[in-house]
Amino acid sequence: MKISVVQFCPIFGDIESNKKKMIQYAQNIDSSIIIFPELALTGYDFKNKEELSQYAFDINSEILSEFRDIANNSDKIIVIGFPEKEGNNYFNSAALIFPDEKFNTTYRKTHLFYRERFIFAENNKGFFVVHYPDFDLNLGTMICYDWRFPEAARTLALKGADIIACPSNLVTTVWDISMPSRALENKIYLAVANRTGTENRNGENLIFNGSSKIYSYNGTILSQANYDNEIVISADIEPKQTRNKSFNEFNNIFTDRRIQFYL
Ligand code: ACM
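Description of the structure in this document. Everything numeric here is computed off the predicted structure, so don't read it as measured data.

1. Concerning the sheet that holds strand S13 (residues 221-224)
Step number 1: As summarised here, the arrangement of the 6 strands in space is S6-S7-S8-S9-S12-S13, forming an open sheet in which the pairing is mixed. Since the sheet does not close on itself, it has two edges, and those belong to strand S6 (129-132) and S13, each with one partner. Sheet twist, expressed as the mean angle between neighbouring strand axes with direction ignored, is 20°.
Step number 2: Most of the contacts of helix H6 (residues 175-186) go to strand S12 (residues 213-215), to which it runs at about 30°, and overall it touches strand S8 (163-167), strand S9 (189-193) and S12.

Here you go:
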């Protein structure tokens, strides 16, 4: 199974042009899973909740209809970061769009980074894994700053994830010290779709660091992007290979856990 990550620089507030670019990628990339960055359709640094409210939408919105059609017609799973509206709450979410739309859902970012806490609500649905039977695939999702919490990836792995999609707008470069460990210690694939470029909207420059990566379940890099270019990176994965958590006759990274000693 081939998976791809699209790294690009969204234009703040320009859903139409971001969408046009993303639709072309979604149409042309011949992969079973295509992952776009966090808040890929809108850009990242909203000034306040009022501004965010003008851009937020829900997963059934017309804005996502072409992605739904591509997923359905071309048998692809598409993961897209977007600002999700539910009543008066806004979530920093990822839309998980499947060929069979009854599986469509959103993951809502659990750990809110920096000023996000003033405009977004925290995840109220928990971590979950979608088993997509047609691909025999278990897909988990976390978003960007969730990486700082090993519990996020561990929870997804314990819930059966074969791969974690991680749409991101990373502004540090230290994440790739941790990310391979999340893959290795959980024996899962991990795909980080980061954005590039800068946004100067709230009196400071946010610089996004690109360097998107797809990690194998042993922590090695299968494919990687440069710091600042628009690029698609891809890798072949074998989801079933992640499911046996034993690494010798006597040890298994899940059943060897001594949870009575953990906080
Ligand atoms: C981040 O969570 N966007 C750094």
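2. Observations concerning the environment of Asn48
Step number 1: Positionally, Asn48 belongs in the loop between strand S2 (33-35) and helix H2 (49-55).
Step number 2: Between the alpha carbons of Asn48 and Glu116 there is a distance of 9.2 Å; along the sequence they are 68 residues apart.
Step number 3: Separated by 3.2 Å, the side chain of Asn48 and the backbone nitrogen of Glu50 make a polar contact.

3. With respect to the side chain of Thr42
Step number 1: Note that Thr42 resides in the loop between S2 and H2.
Step number 2: Of the residues examined, Thr42 reaches a relative accessible area of 0% and is grouped as buried.
Step number 3: The contact partners of Thr42, leaving out residues within four places of it in the chain, are Ile11, Phe12, Gly13, Ile15, Asn18, Tyr55 and Pro83.

4. Notes on the sheet that holds strand S14 (residues 231-236)
Step number 1: Ordered in space as S5-S4-S3-S2-S1-S14, the 6 strands form an open sheet in which the pairing is mixed. Two strands in the sheet have a free side with no partner beyond their single neighbour: strand S5 (105-108) and S14. Averaged over all neighbouring strand pairs, the angle between strand axes comes to 30°, with direction disregarded.
Step number 2: Where strand S1 (residues 2-7) meets S2, 3 bridges bridge the pair, whose relative direction is parallel. Looking across to S2, one finds that Ile3 is bridged to Ile33.
Step number 3: Against the sheet, helix H3 (residues 65-74) makes contact with strand S3 (77-86) and strand S4 (89-97), and its axis sits at roughly 150° relative to S3, the strand it touches most.

About the cut-offs
- Residues numbered from 1 in each chain as written.
- Predicted model: local features only at pLDDT ≥ 70, side-chain atom pairs only at ≥ 80, totals over all residues.
- Heavy atoms only, no water.
- Pairing = 2+ DSSP bridges.
- Helix = DSSP H or I, 4+ residues; strand = E, 2+ residues; numbered from the N terminus.
- Axes fitted to C-alpha atoms, helices over the stretch in contact; angles between N-to-C directions.
- Contact = heavy atoms within 4.5 Å.
- Polar contact = N/O pair within 3.5 Å; in protein donor to acceptor, adjacent residues only side chain to side chain.
- Buried < 20%, exposed > 50% of the residue type's maximum accessible area, 1.4 Å probe, protein only.

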